[in-house]
Amino acid sequence: MKYLYAVLVGALVSISISSSAQNVALTPPMGWNSYNCFGSAVHEDEVKANADYMAKNLKQVGWQYIIVDFLWSYDNPPGSNIGNPFQLRLPDGSYVPWLTMDKWGRLSPQPTKFPSAFGGKGFGPLAEYVHGLGLKFGIHVMRGIPRQAVWAKLPVKGTNGITADMIADTNSKCPWMNHMYGLNMKKPGAQEYLNSILELYAEWGVDFIKVDDLSRPYSEPEVEGYYKAIEHCARPIVLSLSPGATPVGETDHLLRNANMWRMADDFWDNWKEITGMMKYAKQWEGVGVQGHWPDCDMIQIGKLSKRGPVGEERYSRFTEDEEYTHMTFWSIFRSPLMLGGNLPENRPFELSLFNNPEVIAVNQQGENPRQLFEKDGKTIWYSHAQGSKDMYIALFNLGEQPQDIDFTFASIGMIGKISVRDLWKKQDMGIFKQSYHQQVNKHGAVLLKLVAQ
């Protein structure tokens with residue numbers, strides 16, 4: 001009955017949203033994001049190198065988005081690892097550092113980091129390069145309008161006489177990066193400003209925007225403003241909201257206005273954060289439907305923090321078993337999958353975690369993921385294989401010693417003889433009646449596909 005309810009909810013949601021929104025994120029988006037390995041200091045050649053790697057090694061199993069994360073308009077000093085440079089005010093009221101910006105108050109990529117942007121070309125040339133590989137291109141943006149545009153009283157494109165200072169909410173500020181003011185969406189010109197930046201992103205060829213400082217606290221008017229601006233620009237663009245924890249009470253609003261949203265604050269390579277994410281996911285159980293996905297945050301596997309933002313340059317601190325758990329849970333829960341490590345430095349093991357088509361199918365084709373139980377350091381999640389009676393089931397050992405984990409087929413609605421396949425091993429385990437059990441390593445996971453015979 002719960003499964004039928006989730007399907008009906010998904011159908012009603014898909015009817016209520018507009019046509020362009022239906023064309024994106026029909027399955028959880030899969031891609032790479034520059035933040036976890038390069039912080040604010042990623043350069044164009046590094047973005048291209050990661051795109052090249054994805055096109056060669058990962059595109060064939062569904063990975064497709066290449067995302068440039070924050071502060072692409074900021075000119076990082078050579079060797080700088082500073083993540084959140086606060087702007088200071090000079091005696092005349094102007095701001096330093098001054099972010100690269102056009103005459104309409106719209107931020108542009110800094111040519112020192114993105115040489116192809118020189119001459120006002122923006123991200124157009126880089127997006128064209130990514131598209132030429134058969135991939136899609138995305139960017140991170142901070143919500144609102146640049147404070148420097150407000151100081152300069154720059155005109156709002158598409159309006160007659162409205163300037164940036166007339167639409168800014170100067171009491172609405174991001175606590176961890178002070179470059180922007182929020183927008184007062186009740187003011188004439190506020191929606192037009194958002195329309196103008198989405199028009200610019202559409203001209204560049206952007207397919208995905210991650211809007212930061214929008215989910216905590218949750219700003220319904222601004223979320224709606226970005227959604228309307230995407231509709232206005234008429235280009236299919238995924239709308240991702242960050243950071244969490246996004247309030248569960250906003251579920252109905254999210255299902256009308258966003259494609260993905262963060263369930264928690266930034267996730268890093270610490271075991272307790274994996275178990276914590278499972279608890280967040282339980283709160284969002286049954287919510288993810290076509291076009292709308294609760295987001296566990298980026299995948300912390302591979303080479304991290306080459307230029308910040310957290311800790312020294314390193315390969316992930318997760319053990320191999322923990323990395324299996326990380327990928328298995330993100331897959332069974334149907335979280336968006338965004339790789340955070342520098343892809344060209346992947347070793348064979350990292351690549352094996354990312355290019356297993358049977359595991360990716362769990363994320364892309366599973367339906368209605370649910371927790372079966374959590375007890376004594378063991379937890380099981382399961383989902384339905386789309387278009388069939390087959391089931392996916394994930395066994396997690398959260399304890400500090402190897403444990404035998406078992407379940408009955410009846411507990412997930414299956415009867416008779418059941419064929420069991422281990423998806424990580426790509427190995428058939430045999431045909432079983434009534435139940436199945438398997439020993440699972442400390443902090444490890446097993447991912448299975450069950451087929452009735």
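Note that the coordinates shown come from a computational prediction; the quantities given were computed from them, not determined experimentally. (Residues numbered from 1 in each chain as written. Predicted model: local features only at pLDDT ≥ 70, side-chain atom pairs only at ≥ 80, totals over all residues. Heavy atoms only, no water.)

Residue-level account of the nonpolar core, with values.
Residues Trp63, Ile139, Ile145, Leu198, Tyr201, Ile209 and Phe329 are the most contacted members of the largest nonpolar core, which totals 128 residues. A per-element tally of this core places helix H6 (residues 190-204) first, with nine residues. When neighbours within four sequence positions are excluded, Leu198 is seen to be in contact with Ile209, Tyr226, Ala229, Ile230, Cys233 and Ile237. If you look at the next biggest cluster of nonpolar residues, it comprises 17 residues, including Ile380, Met391, Ile405 and Phe409. (Core = buried A, V, L, I, M, F, W, Y, C linked by side-chain atoms within 4.5 Å. Buried < 20%, exposed > 50% of the residue type's maximum accessible area, 1.4 Å probe, protein only. Helix = DSSP H or I, 4+ residues; strand = E, 2+ residues; numbered from the N terminus. Contact = heavy atoms within 4.5 Å.)

Account for the sheet that holds strand S12 (residues 293-295), with residues named and values stated.
Here we have eight strands laid out as an open sheet, ordered S12-S11-S10-S9-S5-S2-S1-S15, and parallel in their pairing. In the strand order of this sheet, the two ends are held by S12 and strand S15 (337-339), each with one partner. For this sheet the average axis-to-axis angle between neighbouring strands, irrespective of direction, equals 25°. One ladder, built from three bridges, connects strand S1 (residues 30-33) with S15; its direction is parallel. When the sheet's bridge partners are listed, Trp32 is paired in S15 with Leu339. Packing against the sheet, helix H4 (residues 124-132) makes contact with strand S2 (65-68) and strand S5 (136-142), and its axis sits at approximately 140° to S5. (Pairing = 2+ DSSP bridges. Axes fitted to C-alpha atoms, helices over the stretch in contact; angles between N-to-C directions.)

Let's hear about helix H12 (residues 357-365): which residues, and what values?
Where H12 is concerned, the buried positions are Val359, Ile360, Ala361, Val362, Asn363 and Gln364. You can read the cap of H12 off the contacts: a side-chain oxygen lies 3.0 Å from the backbone nitrogen of Glu358, and it is on Asn356. (Polar contact = N/O pair within 3.5 Å; in protein donor to acceptor, adjacent residues only side chain to side chain.)

How would you sum up the sheet that holds strand S7 (residues 168-173)? Please name residues and give values.
What the three strands build is an open sheet, ordered S6-S8-S7; its pairing is antiparallel. Across the chains shown, the open sheet's two edge strands, defined by having one partner strand only, are strand S6 (145-146) and S7. For S6 and strand S8 (residues 180-183), the ladder comprises two bridges, and the chain directions are antiparallel. Residue pairing across strands places Ile145 opposite Tyr181, the latter belonging to S8.

Residue-level account of the pattern of salt bridges, with values.
Scanning the model with the defined rule gives 23 salt bridges in all. The salt bridge involving Arg143 is made with Glu222; its shortest N-O contact spans 3.0 Å. On the criterion of sequence distance, the pair formed by Arg143 in the loop between S5 and S6 and Glu222 in helix H7 (residues 220-233) is long-range, its members being 79 residues apart. Taken individually, Arg143 and Glu222 each receive the classification buried, so the pair is uniform in this respect. For Arg421, the salt bridge goes to Asp428, with nearest N and O atoms at 3.1 Å. Because the salt bridges share partners, they merge into one network encompassing Lys303, Lys306, Glu313 and Glu345. (Salt bridge = Lys/Arg side-chain N within 4 Å of Asp/Glu carboxyl O.)

Pulling in residues and values, what's your account of unusual backbone geometry?
Cis rather than trans, the peptide bond between Arg216 and Pro217 has omega equal to 0°. With respect to the secondary-structure elements, Pro217 resides in the loop between strand S9 (208-212) and H7. Following Gly244, the chain continues to Ala245 via a peptide bond in cis, the omega torsion being 5°. With respect to the element layout, Ala245 can be found in the loop between strand S10 (238-241) and helix H8 (251-257). For Asn368, which is not glycine, the phi torsion reads 55° and is therefore positive. Here Asn368 lies in strand S16 (residues 366-375). Residue Asn368 is classed as buried on the basis of its relative accessible area, which comes to 12%. One non-glycine residue, Gln434, lies in positive phi territory at about 70°. On the secondary structure map, Gln434 appears in the loop between strand S21 (427-433) and strand S22 (435-440).

Now, about the packing of helix H9 (residues 271-283) against helix H10 (residues 320-332): what can you tell me, with residues and values included?
Between H9 and H10, the least distance of the axes is 11 Å, while the angle of their chain directions is 20°. By the criterion of interaxial angle, the relationship of H9 to H10 is roughly parallel. For the crossing formed where H9 meets H10, the hand is left-handed. Along its contact with H9, which presents Trp271, Ile274, Met277, Met278 and Ala281, the element H10 presents Glu322, Thr325, His326, Phe329 and Trp330. Of the residues assigned to the contact of H9 with H10, the class counts are seven nonpolar, two polar and one charged. (Parallel < 35°, antiparallel > 145°, perpendicular 65-115°, else oblique. Left-handed = near helix turned anticlockwise from the far one by under 90°. Nonpolar A, V, L, I, M, F, W, Y, C, P; charged D, E, K, R; others polar.)

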